[in-house]
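Now for the letters of each chain:
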Amino acid sequence: MKQPQHLACLLPNLAGGGQERVTLNLLRGLSGKGMQLDLVVAQAKGPYLDQIPPEVHLVDLGVSMEDRLQSAVKLILPLAQYLRQAKPDVLLSHLVWTNEIAVIAYWFARTPLQLVLWEQMPASLQPSHPLMQRVKLWLMRSLYPKASAIVAPSQGVAQAFEQSLKLKANSVQVVYNAVVDDTLLQKAQAPLNHPWFFAYQPPVIVAIGRLSEQKDFPTLIKAFAQVRKNRLLRLIILGEGGLRRSLENLVRELGVGEDVQLPGFVPNPYAYLSRAAMFVLSSKFEGLPTVVIEALACGCPVVSTDCPYGPREILADGQYGRLVAVGDVLGLVRGIYETLNAPISRDLLKVRSQAFTVQEATQSYLKLLSNSVE
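Given the structure is predicted, the values throughout are model-derived calculations rather than measurements.

Calculation rules
- Residues numbered from 1 in each chain as written.
- Predicted model: local features only at pLDDT ≥ 70, side-chain atom pairs only at ≥ 80, totals over all residues.
- Heavy atoms only, no water.
- 1 Å grid on protein atoms, 1.4 Å probe; cavity = no way out; pocket = protein on both sides within 12 Å on 5 of 7 lines; lining within 4 Å.
- Points joined across faces, edges and corners; volume = space filled by probe spheres on them.
- Helix = DSSP H or I, 4+ residues; strand = E, 2+ residues; numbered from the N terminus.
- Nonpolar A, V, L, I, M, F, W, Y, C, P; charged D, E, K, R; others polar.
- Axes fitted to C-alpha atoms, helices over the stretch in contact; angles between N-to-C directions.
- Parallel < 35°, antiparallel > 145°, perpendicular 65-115°, else oblique.
- Left-handed = near helix turned anticlockwise from the far one by under 90°.
- Contact = heavy atoms within 4.5 Å.
- Buried < 20%, exposed > 50% of the residue type's maximum accessible area, 1.4 Å probe, protein only.
- Lys, Arg positive; Asp, Glu negative; His and termini not counted.
- Salt bridge = Lys/Arg side-chain N within 4 Å of Asp/Glu carboxyl O.
- Polar contact = N/O pair within 3.5 Å; in protein donor to acceptor, adjacent residues only side chain to side chain.
- Core = buried A, V, L, I, M, F, W, Y, C linked by side-chain atoms within 4.5 Å.
- Pairing = 2+ DSSP bridges.

A. Up close: empty space enclosed by the protein. Tallied over the entire structure, the rule returns one cavity of 30 Å³ or more. Counted as a void, the largest cavity has a volume near 30 Å³. Broken down by secondary-structure element, the contributors of at least two residues to the lining of the largest cavity are strand 8 (204–208) and strand 11 (278–281). At three residues, strand 11 tops the list of elements feeding residues into the lining of the largest cavity. A breakdown of the residues in the lining of the largest cavity according to their chemical character gives six nonpolar, two polar and one charged.

Written as structure tokens, this is what we have:
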């Protein structure tokens, strides 16, 4: 096997999402392995800019990603120019539309490299207008077979991709996301100056994610309001997004405004997770939800929807956390009560998180990348 000498990772930007964290973790894990590492972004913006490992060279292509599709098209020529000039051995591309553009830019660049497409969820679950979804699916079926490898974060996502893109069985490779490392564990122990986490305060439920339809925070807020009628507890939802106003309105309508906070994006959610009574994932769909793994690493009990894809795989069919149906308010109420009354051992949760370490993911990617440059 021959290890690549120059690896480039491609992202739209460094917004505060799970995939961006996973990419930075992987680059951190690959540092010191004798490779030149580039992080290529359409636009150098986002709260994770200051978390780029010092050994990684940031390449800003200067393309605004306000309109994802139009911006993606504008990305083709700058990306192709970068590929011609920098000549990386491997381009590892991530996220919606960026992967399709990476294939097209690779074709324009006419330079030898291995292209690896990293997808977090199947096309059928990626939010889009029905017409655009059909266009995207057509593009994926046309372009993805030209890549050297396609990688998914879970078995469920890999199988769904093979079906939707009509690929051969086992042609999409599975590599668990790079999530747990010493930095995460250190941040989990950092001081947290929040009055709800002082001694003798009621238990706190933590949720984390973009304030979007995918995360289905209304179901969580409704379930919390039901439990709050009988138990003294609080809810913090960390994240930002377009549904903030509607969620704040729902909190007021349900009369739980004093017990629910939406503080927006926070740079260290692990300090919250390590002190929370539980973490709740209410999503309608995922790929391999990074935040569930982060909660386990922090020893935080988990209640999660049994959504496609990832939670059941991470929680081993419910062995390491409670699974409830998507959109089921009463099911979520039961899961919260059961976790408050009989939480799973925090030490056991931490042990489970070791299946998703940065070290494990780094070794898997080194093996994959070495095979791709043979």
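B. Examining the packing of helix 3 (residues 76–86) against helix 4 (residues 98–109) more closely. Relative to each other, helix 3 and helix 4 sit at 55°, their axes nearing to 8 Å. With respect to helix 4, the axis of helix 3 lies oblique. Between helix 3 and helix 4 lies a crossing whose hand is right-handed. Every residue of helix 4 that contacts helix 3 at Ile-76, Leu-79, Ala-80, Leu-83 and Arg-84 is listed here: Ile-101, Ala-102, Ile-104, Ala-105, Tyr-106, Phe-108 and Ala-109.

C. Structural view of the side chain of Glu-119. As for its placement among the helices and strands, Glu-119 is situated in the loop between strand 5 (114–118) and helix 5 (130–143). Lys-136 is the oppositely charged side chain nearest to the buried, salt-bridge-free Glu-119, at an N-O distance of 4.9 Å. Within the structure, Glu-119 has its side chain in polar contact with the side chain of Asn-99 (distance 3.1 Å). Separated by 2.3 Å, the side chains of Glu-119 and Tyr-144 make a polar contact.

D. Geometry of the layout of surface pockets. Empty space within the second largest pocket amounts to approximately 180 Å³. Taken together, 15 residues form the lining of the second largest pocket, with Asn-25, Arg-28, Gln-51, Lys-187 and Tyr-270 sitting closest to its centre. Elements with a minimum of two residues in the lining of the second largest pocket: helix 1 (18–30) and helix 7 (182–188). Here the lining of the second largest pocket takes four residues from helix 1, the largest share from any one element.

E. Broad picture of the nonpolar core. In terms of nonpolar packing, the biggest core is built from 67 residues, with Leu-39, Val-206, Leu-273 and Phe-279 touching the most fellow members. Not counting chain neighbours up to four residues away, the residues in contact with Phe-279 comprise Val-206, Ala-207, Ile-208, Leu-273, Val-291, Val-292, Ala-295, Cys-300, Pro-301, Val-302 and Val-303. Core analysis: the second largest hydrophobic core is formed by 36 residues, Val-40, Val-103, Leu-113 and Leu-143 among them.

F. Seen up close, the sheet that holds strand 3 (residues 56–60). In spatial order, the strands read 3-2-1-4-5-6-7; together these seven strands make up an open sheet with parallel pairing. Two strands bound the open sheet, and with one partner strand each, they are strand 3 and strand 7 (172–174). The sheet shows a mean angle of 25° between the axes of neighbouring strands, direction not considered. Note that strand 5 and strand 6 (residues 149–152) share three bridges and pair parallel. Residue pairing across strands places Leu-117 opposite Ile-150, the latter belonging to strand 6. Across the sheet, helix 3 touches strand 1 (6–11), strand 2 (36–41), strand 3 and strand 4 (90–94), and the angle it forms with strand 1 is around 170°.

G. Structural view of the environment of Leu-184. By the element assignment, Leu-184 lies in helix 7. The exposure class assigned to Leu-184 is buried, which follows from its relative accessible area of 3%. As a C-alpha pair, Leu-184 and Asn-268 span 84 residues in sequence and 8.9 Å in three-dimensional space. Once residues within four sequence positions are removed from consideration, Leu-184 is found in contact with Val-179, Tyr-270, Glu-294, Ala-297 and Cys-298.

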